[in-house]
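One letter stands for each residue in the lines below.
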Amino acid sequence: MFSFLEQKERNYLLLILVHAVLGVLIYYNLFISKVYGVLIFVVSLYFIVKTRNRNNEVLYASAYLVGSEVFLRMTEGNPNHEFSKYGIMLYVTIGMIYSGFSKNAIPYWIFLILLVPGLILGTQELDLTTQSIRKTLAFNISGPVCLGMASLYCYNRKLTFPEMNNILLMVGLPMVACSTYLWLFTPELKEVLTGTGSNGETSGGFGPNQVSTALGLGMFVFLSRLFVASKTKVLFLINLLVALNISYRGLVTFSRGGMITGFAMLVILFAFMYFNSSKRGRLKMFYFGGIMAVILTSVWFYTEVQTGGLIGLRYANKDAMGREKESKFTGREEIAESEINAFLDNPFFGVGVAKGTEIRLAETGQVIASHNEITRMLGEHGFFGLLGLVLLVMTPAILFLGNRQHVYAFCFVAFWLLTINHAAMRTAAPSFIYALSLLKVYLIDPNEITLHREQTV
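Here we summarise the structure given alongside this text. On a predicted model such as this, the values are computed, not experimentally measured, just so you know.

Of the regular secondary structure elements, the protein chain holds 18 helices and 2 strands. Relative to the compact-globule value of 23 Å for 457 residues, the protein chain shows a C-alpha radius of gyration of 22 Å, a close match. Principal-axis analysis of the C-alpha atoms gives the protein chain an extent of 65 × 55 × 45 Å. Relative to its 457 residues, the protein chain shows a buried fraction of 55%. Contacts in the protein chain between residues far apart in sequence, at least 24 positions, make up 79% of those at least 6 positions apart. By element, 65% of the accessible surface of the protein chain is carried by carbon and sulfur atoms, the whole surface being about 20200 Å². With 36 positive and 28 negative side-chain charges, the protein chain shows a separation of 11 Å between the mean positions of the two kinds.

Given below as C-alpha cells:
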C-alpha cells in the first residue's frame, strides 16, 4: 500500500493517518484519551532522559503537549487541568539541567521575579481557604511562570530551520486528531446553529475560544508548510487537505479570535519572506500568495454555504437577523475596564494575583475570569506587571536584530500578543509559542526558503 510514494512521503502520510485514526478511536471511547494523555507525558519524559536532551527533545515534547492540550481537555484526557503547563515547566527544567541555558537570559529571570510581589499580595488579599487560595493562585500564575521558564530554556538556543519546522509539526499533529474528532462529534450544522454566537456544539462540547485558538494555530502550521516544507506534490496535497480540514473546523466554532490570529500569522510570515527574498524568490512567494488566497477564500465560501451565511454575520459582528451587536468583544471590554481601574487605583503593587476575579464577583455576583492577560497583569501586578510586559515585548525584538534568519519570530510574538488579548493564558500555547521566538535559527539549506544568499549559512 502506498508503494508508489517515496519513503518520506509514506512516513508523513502515516503520521497524519495515525492521528486521524486516534481522533476516531477517542470519539468512540473517551477512556483512550486518558491513556493518550498519560502516554504523551511518560514517553516524552523517557526520551528526554534517555537522550539527555542532546537534540532538544524538550522542544519536541513540549510542542506536542501544546498541540494536544485543548483536545485532551475536550475529551477529558488531561490528568490535571494545568497538565500541559506543568509538563512544559518540568521538561524545560530537565532540559536546562542537561544542556544549560544562556547567561544572557536575564530579562526572563527579572520577569519571573516581577511576578512575586503580586503573588504574595494575592495570598494576603484573597477571601478563600488555604487550599482554595493555592489552587486559585496556581491557575492564575501558571501561564506567566510557564512562559518565563520556557523562555529561559529557549533564549538564544541554536536550532536549524528544518528542526524548527519539525517542532511546529509536533504542535500540528494532535490537531489532526482534534479536527477528526470534531467531524464526528458535531451534528448537522443546521440543527445547532441558531445564532452567531460562539458554539459549543461545533467545538466538541468545549470552550469555543480555546478550540478556535488551537485550530487557528494548527491552520497556520499546515498552511505554512505548503511553502516551507512541501518539496513534492504529494506532500503539498497532504498538507493542503489537512489545512482545509482544520481551517473549516476552526471557522465553525464561531469564535473569531483564534482564526483571526492564525490568519495574521500567515500574513506576517508571507510578508517577511517576500521582503527578504531575491527577485526570483519574490515571484515564487507571489505565486504561493495567490494559492493561499484561493485556499482561504474557498474555505470561507464553503463555510458560508454550510452555515447559511451566519459565519459572515458573525465576523461582521451582527446577529442572525443582520443587526449590529452592541458589544464587539462579547462583553470582554467591561472586564478589561475593571482591570484598568484596578491598576489606576493600585498602580504600584496592583490588587494581587486572582483578586480581580473576586472584585468582579463582589460587584456583579458572577465569577468572571479575565480574558485579557495584558490588563490582568496591570490590574493584579501593577507597575511590576507593566514592567514585565515591556520586557516581554522588547526582548524578542532586540534579539531579532542578531537573528534575522528566524523567519517565524514575529509570527510567534504576534500569536502570543493576539491570543492573550482574547483568551488570556488559559492554555500553554501562548507561553510556549512565545518562547520559540527566542531561538537562534539557522538556515542550513539556502533552498529551504527564498531569503537572500547573504542571510544563509
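Okay, the packing of helix H1 (residues 7-28) against helix H7 (residues 161-185) next. When two helices pack together, their arrangement is given by the angle between their axes and by how far apart the axes lie. It is the contact of H1 with H7, at a shortest axis distance of 8 Å, that shows an interaxial angle of 40 degrees. The angle between H1 and H7 falls in the class oblique. Where H1 crosses over H7, the two elements pack in a sense that is right-handed. Contact with H1, carried on its side by Tyr-12, Leu-15, Ile-16, His-19, Ala-20, Leu-22, Gly-23, Val-24, Ile-26 and Tyr-27, involves Leu-169, Leu-173, Pro-174, Val-176, Ala-177, Thr-180, Tyr-181, Leu-184 and Phe-185 of H7 and no other residues of that element. Split by residue class, the contact of H1 with H7 holds 16 nonpolar, 3 polar and no charged.

On to a nonpolar patch on the surface, then. Taken together, Phe-348, Phe-349, Phe-383, Leu-386, Leu-387, Val-390, Val-393, Met-394, Ile-398 and Leu-401 make up a surface patch of nonpolar side chains, about 910 Å² in accessible area. Relative to the elements of secondary structure, Phe-349 occurs in the loop between helix H14 (332-345) and helix H15 (355-364). The exposure class of Phe-349 is partly exposed, given its relative accessible area of 43%.

About the cut-offs
Residues numbered from 1 in each chain as written. Predicted model: local features only at pLDDT ≥ 70, side-chain atom pairs only at ≥ 80, totals over all residues. Heavy atoms only, no water. Helix = DSSP H or I, 4+ residues; strand = E, 2+ residues; numbered from the N terminus. Rg over C-alpha atoms; globule rule 2.2 N^0.38 Å. Buried < 20%, exposed > 50% of the residue type's maximum accessible area, 1.4 Å probe, protein only. Contact = heavy atoms within 4.5 Å. Areas by Shrake-Rupley, 256 points an atom, 1.4 Å probe, with all protein chains shown as cover. Lys, Arg positive; Asp, Glu negative; His and termini not counted. Charge placed at Lys NZ, Arg CZ, Asp CG, Glu CD. Axes fitted to C-alpha atoms, helices over the stretch in contact; angles between N-to-C directions. Parallel < 35°, antiparallel > 145°, perpendicular 65-115°, else oblique. Left-handed = near helix turned anticlockwise from the far one by under 90°. Nonpolar A, V, L, I, M, F, W, Y, C, P; charged D, E, K, R; others polar. Patch = residues over 30% accessible without salt bridge, like charges linked within 9 Å, V, L, I, M, F, W, Y side chains within 5 Å. Salt bridge = Lys/Arg side-chain N within 4 Å of Asp/Glu carboxyl O.

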